[in-house]
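Single-letter residue listing:
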Amino acid sequence: MSKGNYSNNSKYFCDEKRKHDQHEERLTKRKRSSSSEYKKVEYYKRELTRFLEDQGNIQSIEDFWKFFEKYENLQKLKKSEFDRNFLLNVDFKEKPSVIYDRLPVLDKNGRKVNIVYEDFKEFILIIKVYNDFQQRTKFAKLKKIEKMKCELPISQYKSEIISKLNESRVLLIAGDTGCGKSTQVPQYVLEAGYKKIVCTQPRRIACISLSKRVAYETLSEFHSTVGYQIKFEKSKRADTAIIFMTEGLLLRQASEETTLNSYDIIILDEVHERHLFSDFLIGVMKCLLYKRNDFKLILMSATINLELFQNYFVNEHVQVVQVPGRLYPIEVHYLPIIKDPYERQRNQFNCTPYLQIIQTIDEKYPSNQKGDLLIFLNGFSEISKLTEAVLNYSQKKLNWIVLPLHSTLSLEDQDKVFDYPPEGVRKCIISTNIAETSVTIDGIRFVIDSGKVNRMIYYTGGSFNKLSETTISQDSAKQRMGRAGRTGPGVCFRLYSEEEFNKFEPFTPAEIHLVPLESLLLYMISLGLNDISNFPFLEKPSVKSLEEAVEKLKFTGALKLNKDSLELTSLGQALSNLPVDLTIGKMLILSTVFGNVNSILALAALLSVQSPISQSSHKNLEAETLRQPLESSHGDPLTYLNFYKEWLCIKQSSTLVSRNYESESSRTWSRKRCLEEQRFYEVTKLLEQFRDILHDAELLTKGIEPSMSSGERSIRHGELKNLKSMRYQMKHDEKSRRRKQLKYDNFGECVEEEHKTDLRDVEFRITNDFKKLQSLLNDTSANSFKDVMLLKLILTSGLYPQIAVEDEHNYSKTVSERLFHTKFKNFVFLRPTSYFVSNPEILELHDDDIEVPPPNYFSRRPVSRKHQLLVYQSILETKKVYLVNVFRMPVLQTLMLFGKRICTNSSFTKFVFDDFLSVDVPYFGQGSKLLKMATVLRKKWKVNLEHKLENPVRSCNVNEKDVFCFVEDLIRYMNTDVSYNVKRLLTADLKSIYNKQCKFFEGEDLFNPFDDHFVINENVTFGGVNLTENVIYNCLVDEEWAWDMEEQVVSCDATCDLCGVRLMKGATVFRRLQHEVRCLQQQTSGKSVEEEITLKTKSNAKSFECDFCKKSLLLTPVEILRHKKSCVS
Amino acid sequence: MDTKDSKEEPEKYDLKGETEEKSKYFECENCNLKVKYDYFGLEPPFLTKYKLKEESFVMKDPFTSVKKGEILILGANCIKCKKCVCKDPNCSFYFNGTYCVVCAKSCISSFPLNVQEKLNKIVI
Ligand SMILES: [Zn+2]
Ligand SMILES: [Zn+2]
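Cut-offs and rules
- Residues numbered from 1 in each chain as written.
- Chains lettered and ligands numbered in written order.
- Predicted model: local features only at pLDDT ≥ 70, side-chain atom pairs only at ≥ 80, totals over all residues.
- Heavy atoms only, no water.
- Helix = DSSP H or I, 4+ residues; strand = E, 2+ residues; numbered from the N terminus.
- Buried < 20%, exposed > 50% of the residue type's maximum accessible area, 1.4 Å probe, protein only.
- Contact = heavy atoms within 4.5 Å.
- Areas by Shrake-Rupley, 256 points an atom, 1.4 Å probe, with all protein chains shown as cover.
- Donors = N, O, S within 2.8 Å, 3.2 Å for Na, K, Ca; no water.
- Tetrahedral: all angles 85-135°; square planar, octahedral: opposite > 155°, others 65-115°.
- Phe/Tyr/Trp six-rings, centres within 6.5 Å; stacked < 30°, edge-to-face > 60°.
- Lys NZ or Arg CZ within 6 Å of the ring centre and 35° of its normal.
- Axes fitted to C-alpha atoms, helices over the stretch in contact; angles between N-to-C directions.
- Parallel < 35°, antiparallel > 145°, perpendicular 65-115°, else oblique.
- Left-handed = near helix turned anticlockwise from the far one by under 90°.
- Nonpolar A, V, L, I, M, F, W, Y, C, P; charged D, E, K, R; others polar.
- Pairing = 2+ DSSP bridges.
- Salt bridge = Lys/Arg side-chain N within 4 Å of Asp/Glu carboxyl O.
- Polar contact = N/O pair within 3.5 Å; in protein donor to acceptor, adjacent residues only side chain to side chain.
- UniProt positions renumbered as here; feature names shortened; annotations may be inferred.
- pLDDT = per-residue confidence, 0-100.
- Core = buried A, V, L, I, M, F, W, Y, C linked by side-chain atoms within 4.5 Å.

Draft legend 1. Here's a closer look at the overall build of chain B. Across its full length, chain B holds two helices and nine strands. From first element to last, N terminus to C terminus, chain B shows the α and β order β-β-β-β-β-β-β-β-β-α-α. Counting the 124 residues in chain B, one finds 49% classified as buried. Restricting to contacts in chain B with at least 6 residues of sequence separation, those with at least 24 account for 24%. Here chain B displays about 6,700 Å² of accessible surface, and carbon together with sulfur accounts for 49% of that area.

Draft legend 2. Focus on the overall build of chain A. Scanning chain A for helices and strands turns up 39 helices and 37 strands. The burial tally for chain A puts 51% of its 1129 residues in the buried class. Contacts in chain A between residues far apart in sequence, at least 24 positions, make up 71% of those at least 6 positions apart. Within the structure as shown, chain A displays about 55,200 Å² of accessible surface, and the carbon and sulfur contribution to it stands at 52%.

Draft legend 3. The coordination of the zinc ion (ligand 1), seen in detail. All names here are of chain B. Within the protein, the zinc ion (ligand 1) binds to Cys28 (SG), Cys31 (SG), Cys86 (SG) and Cys91 (SG); these donor distances fall in the range 2.2 to 2.4 Å. Considering all four donor atoms around the zinc ion (ligand 1), the spread of angles at the metal, 103 to 118 degrees, places the coordination shape in the tetrahedral class. Sequence spacing of the donor residues for the zinc ion (ligand 1), all on one chain, is C-x2-C-x54-C-x4-C. Here cysteine 31 is found in the loop between strand E1 (24-27) and strand E2 (34-37), whereas its partner cysteine 86 is found in strand E7 (residues 84-86), with 55 residues between them in sequence. A relative accessible area of 30% places cysteine 31 in the partly exposed class.

Draft legend 4. Up close: helix H18 (residues 518-526) of chain A. Residue and element names in this part refer to chain A. Among the nine residues of H18, seven are classified as buried, and the element is accordingly described as predominantly covered. Among the residues of H18, Glu518, Leu520, Leu521, Leu522, Tyr523, Met524 and Ile525 are the ones counted as buried. At the exit of H18 stands glycine 528, carrying a positive phi of roughly 85 degrees.

Draft legend 5. View of helix H16 (residues 474-482) of chain A. The buried count for H16(A) comes to eight of nine residues, which makes it a mostly enclosed element. Every buried residue of H16(A) is listed here: A:Gln474, A:Asp475, A:Ser476, A:Ala477, A:Gln479, A:Arg480, A:Met481 and A:Gly482.

Draft legend 6. Focus on the coordination of the zinc ion (ligand 2). All names here are of chain B. The zinc ion (ligand 2) binds to the protein through Cys78 (SG), Cys81 (SG), Cys100 (SG) and Cys103 (SG); the donor distances cover 2.2 to 2.4 Å. Bound by four donor atoms, the zinc ion (ligand 2) shows angles of 97 to 116 degrees at the metal and therefore tetrahedral coordination geometry. Taken in sequence order, the residues that donate to the zinc ion (ligand 2) follow the motif C-x2-C-x18-C-x2-C. Residue classification places cysteine 81 among the partly exposed residues on the basis of a relative accessible area of 33%.

Draft legend 7. Layout of the packing of aromatic side chains. Evaluation of the coordinates by the stated rule reveals 54 aromatic pairs over all chains. Ring geometry for B:Phe40 versus B:Phe57: centroids 4.5 Å apart, planes at 40 degrees, classification tilted. Here B:Phe40 is found in strand E3 (residues 39-41), whereas its partner B:Phe57 is found in strand E5 (residues 56-60), with 17 residues between them in sequence. On the basis of relative accessible area, B:Phe40 is assigned to the partly exposed category, the value being 32%. Classification of B:Phe57 as buried rests on a relative accessible area of 11%. Among the aromatic side chains, those forming a connected cluster through ring pairs are A:Phe51, A:Phe64, A:Trp65, A:Phe67, A:Phe68, A:Tyr71, A:Tyr100, A:Tyr117, A:Phe120, A:Phe123, A:Tyr130 and A:Phe133. Directly above the aromatic system of A:Phe829 lies the positively charged group of A:Lys880, at a separation of 4.5 Å from the ring centroid. Here A:Lys900 stacks its cationic end above the ring of A:Phe555, 5.5 Å away from the centre of that ring.

Draft legend 8. Geometry of the packing of helix H24 (residues 636-653) of chain A against helix H30 (residues 785-799) of chain A. Residues and elements named next belong to chain A. Put simply, H24 and H30 touch, their axes get as near as 11 Å, and they point 125 degrees apart. Overall, the two elements H24 and H30 adopt an arrangement that is oblique. At the point where H24 passes H30, the crossing takes the right-handed sense. Contacts between H24 and H30 pair Pro637, Leu638 and Leu641 from the former with Val788, Leu791, Lys792 and Leu795 from the latter. When the residues that make up the contact of H24 with H30 are grouped by side-chain class, the tally is six nonpolar, no polar and one charged.

Draft legend 9. Local environment of the sheet that holds strand E31 (residues 1017-1018) of chain A. Residue and element names in this part refer to chain A. The sheet built from seven strands is open, its strands ordered E30-E29-E28-E27-E33-E32-E31 with mixed pairing. Sheet topology places strand E30 (981-984) and E31 at the edges, where each strand pairs with a single neighbour. Here helix H32 (residues 891-898) sits on the sheet and contacts strand E27 (902-904), strand E28 (910-913), strand E29 (917-920) and E30; the angle it forms with E28, its principal contact strand, is near 60 degrees.

Draft legend 10. Focus on the pattern of salt bridges. Taken as a whole, this structure holds 41 salt bridges over all chains when the rule is applied. Residue A:Arg213 pairs with A:Glu217 through a salt bridge whose shortest N-O separation is 2.9 Å. Of this pair, A:Arg213 and A:Glu217 both sit in helix H8 (residues 204-217), four residues apart, which is roughly one turn of that helix. The partner of A:Glu817 in a salt bridge is A:Lys880, with the nearest N and O atoms 2.9 Å apart. Within this pair, whereas A:Glu817 is found in the loop between strand E20 (803-806) and strand E21 (820-822), its partner A:Lys880 is found in the loop between strand E25 (868-877) and strand E26 (881-890), the two being separated by 63 residues in sequence. Among the residues examined, A:Glu817 registers a relative accessible area of 34% and is labelled partly exposed. Bridged by salt links that share partners, the residues A:Lys138, B:Asp61 and B:Glu70 form one connected network.

Draft legend 11. Focus on the side chain of A:Asn1008. Residue and element names in this part refer to chain A. Within the fold, asparagine 1008 resides in the loop between helix H35 (987-992) and E31. Among the residues examined, asparagine 1008 registers a relative accessible area of 3% and is labelled buried. A distance of 2.9 Å separates the side chain of asparagine 1008 from the backbone nitrogen of phenylalanine 1010, its partner in a polar contact. Of the polar contacts made by the side chain of asparagine 1008, one reaches the backbone oxygen of aspartate 1011; its length is 3.2 Å. With near-sequence residues (within four places) excluded, asparagine 1008 lies in contact with Phe1014, Ile1016 and Leu1027.

Draft legend 12. Molecular detail of the UniProt feature "domain: Cysteine-rich DPF motif" (unreviewed entry) in chain B. With numbering aligned to this structure, UniProt lists the feature "domain: Cysteine-rich DPF motif" (unreviewed entry) at residues 26-119 of chain B. Across residues 26-119 of chain B, helical content stands at 14% and strand content at 35%; the span's end C-alpha atoms are separated by 25 Å.

Draft legend 13. View of the confidence of the model for chain A. All names here are of chain A. Confidence in the prediction of chain A, expressed as mean pLDDT, is 82, and 82% of residues score 70 or more. Averaged pLDDT values for the elements of chain A fall to 41 in helix H38 (residues 1092-1095) and rise to 96 in strand E7 (residues 265-268). Scored below 50 in pLDDT, residues 1091-1099 makes 19 contacts in the model with residues more than four places away or belonging to other chains.

Draft legend 14. Quick look at the nonpolar core. Among the nonpolar cores identified, the biggest contains 155 residues, and A:Leu250, A:Ile266, A:Leu268, A:Leu297, A:Phe594 and A:Phe690 are the most heavily contacted of them. Among the nonpolar cores identified, the runner-up in size contains 36 residues, and A:Phe64, A:Val90, A:Phe92 and A:Ile126 belong to it.

Written out as structure tokens, the structure reads:
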């Protein structure tokens, strides 16, 4: 050991050293004399674990021993010429001799631990060197973070951003993807001294990833300085300074001002995306700027349509900072496709221009020059066609790997676009506009832009979505081009001319012009913003779409007009609290009334994600056969529910790392059936989120977790621990492996992956333990008719008036594909994957279902008890018009229960529902009986719902029995036998079906047999009288058969079954009904029947002798006219 | 019982009193690195088993949980010129005390030979 005089404080050092040395000598002597069984330090690896942890504060013992070995080997090679302690700036607080006494006493065999003191000192030194090494690594990491931050384009604008922010209340930062604005601006603002910063994101996933990233960059991963808050999760504490949240959440906070008050900076990110609620949020913020003056607003956007935002905030003196993105020069070639006007299939997608460009690339650019190709097409079918064509093209040279990219692909498959191709091979990514801004792929050198996009547009007036092929905006074209210049100079081929480009609309229209506005409106009214036309919209929506939204909300029963101002009903109030689509919201609320929450949650979740049947399932017979036993004859949603249920079963029976190859993994199971497993994971997550929503809205108590025994608990505990370490390992592996090399494989089927553990599976098992899974499973089963019917009723209640009926020619032999009609859209098809496409006979009336109509009734439409209609979730128009997610329901029962306007004739033999369907019930008494049942049930339905909404959660057990009886009644009602036929009304019919007269009730008995609390009143618009909110009686122009039938009834004497009183001829149908109901009421209340009233005939009835049939009758003037007319003909 | 397991909550660490204080920044006079630090001195309170041999700027290790009680040494003052320098090998050098690279090079001969070799590799 060399005694150095390098020390600056050498005196202190030498004194210490001397003392130390004396002590050492003693120790060395003592130890050496005691025993001869000395062992090397490494010998005690196991025994030293605790020591290293406690005394050395070493975190990874394994890592330390690796280092130890390496270091020892290195020391053998070179002997240091000075005390290595001089290189270390850290030392133990205590002397080695003191620490020496802390060594474990006994080894694993119970023998004394014997380490030579000299060896121990070396050991201590290595611990210190190891720590020093750790310090260096960590410091390098810190340096790297700082360096990376400095290299971002936005870092040069840091001071400009801060100074402009200090000058103004509104700041607009425009910069393209990759400039670093989302991660850096919140940090700059924090450094500038602001304490409470909120930053909104349109996507939930971005909130989490950004908060993690920013926490890492601000070196506060293990603090709560940076957090996030999304719908159902938050990581936020009192000391959180930067918080990322979804736009929806900030909006909610805007209504509870106290929360919002705590922010001093509000950042709205990605405002250029122009989502419905982000536009609205900007409007709310503008209002807030005037209400409060203690916060500043920062808008961040891509460099798109800056003028719009600048003008919108011109009075607020908005400041602008523009950050150019990192972009290399890009050559643009305009190659318009010249179409042959005589070509018959000129509107079909043509692959040739694309293949020609690919060929050009092959010829012009040597294969050793790297760079991939990105092609933008509009839709799935175009992508599949071109994928096949390019595969064919590269068959010989094998120099292109083709990767389709669209949102319906599983995440796994989407991720493939990030992998890199082998040497000399290029990637050809064929994508929808998803790669325009959402997915960023590096290494793209060539872009082919078709100039087309499929845009989902909501059509007001027709209430349907149209996925239509349109030209893109100039701005999209620029974005697409820009994808070629992210990693180096690039080339962009535009399959349109420069003139065409100039005619493109400058910007993609905002969502507010494209989607239905119900949820926005509902939300605005719930915030008290009733004066919708005066709200400072960034861009005003059309008056028509606002009006339609109001109508729809009224139809749903969410909105009512109270003295000329719009008001939320209790249902509307509840719906505005649920951050989901209106129809889904209604289903969720109802599920809490009926107590079948889990099934409805699962169904609602299944309807909220894309179809679990994959697009590639087309014509895959094997998969179809495998799916068959799980299909439900009721329709698509229930079929999906069965798939999901079975998937859960598979999950339950297969263990994680399945060494047992007999039980197949859920992944294999799904793949074999052409089901997208991803959807089921999404459903599981969504289902829990829906449950949380209901819980937050106080409609549901937190489910009581099935209790576990201590044994089960400890098993679960171990399992969890295991799963978590597995997840950690997998995530770690994922990071270190990052991009894989793509293999050349035409079919892309990787067999070896089958038995690999799946990260999603691990995460699924972490959140869902066995017990929970089992209870989920039990609750989502709907086996009995009763269960299924109840589910369908709840779905219908959410989806009505989205119903469709079959075209009458569907069953003629010449029809290849069945057609349906809805109220707004005629000639609609079923989706190829729909249950009823492969099982059309379920909807068909069979010969023995068709009944012989009663005498005097004639119609070419068959009379039957088995008519069914389809309830659908949505209409989608692509090249054809499709019904999405359909299920069947009995026609008349459904219409009477959910129809908004039910019109009927004087004898209840004909009904017209919502100007769409007309139903004849040519058996006297059946119609009124069913309608009576329906009105009672509707009322109960309403009462139950209101009761639930008024007394959330607490009283939910009280009316359990009532609900049970109610459900029984509902099912009985749905099974009521009634024979009828159905006709779809055409616009022309609507002009002549209503009589628009209402003279019937002059001086009459006003007892309402349908609802004695509802005062019968005249209906001026359609004629007749209102019997309930939904039923208009006697407003239909009668047909002959109905007259005859009424005539027959009225002209006969009858005896009341209950009281035995004779109902004399001449008493009208309505009068007879009044007696029946009253009689029943009095019977049940025990009173005797007051006779006279019922016997009275109509006051204006006269005795009348008919000239044609020579009968003598007691009729009113109207009836006389009718009789004459019928007799003449 | 285990419903919240999926969320990896950040470790809770009581920072009471410290959040109110104005943040102190360490700034390297050589490379301009600027980082918040938690402590300057020889015995950081959150370090139990170890001590520093010279007064240094220290932060709680940002890469591990606070509970683990690890630190990250950011830098110290040069024992010759007193400049504040960071631990980057291009900014400072430790041999029984921190030297800024300029000072280290200027007194290179006073170091042992293989230390000199290391120093020669650094280009200012
Ligand atoms: Zn430095
Ligand atoms: Zn110096």
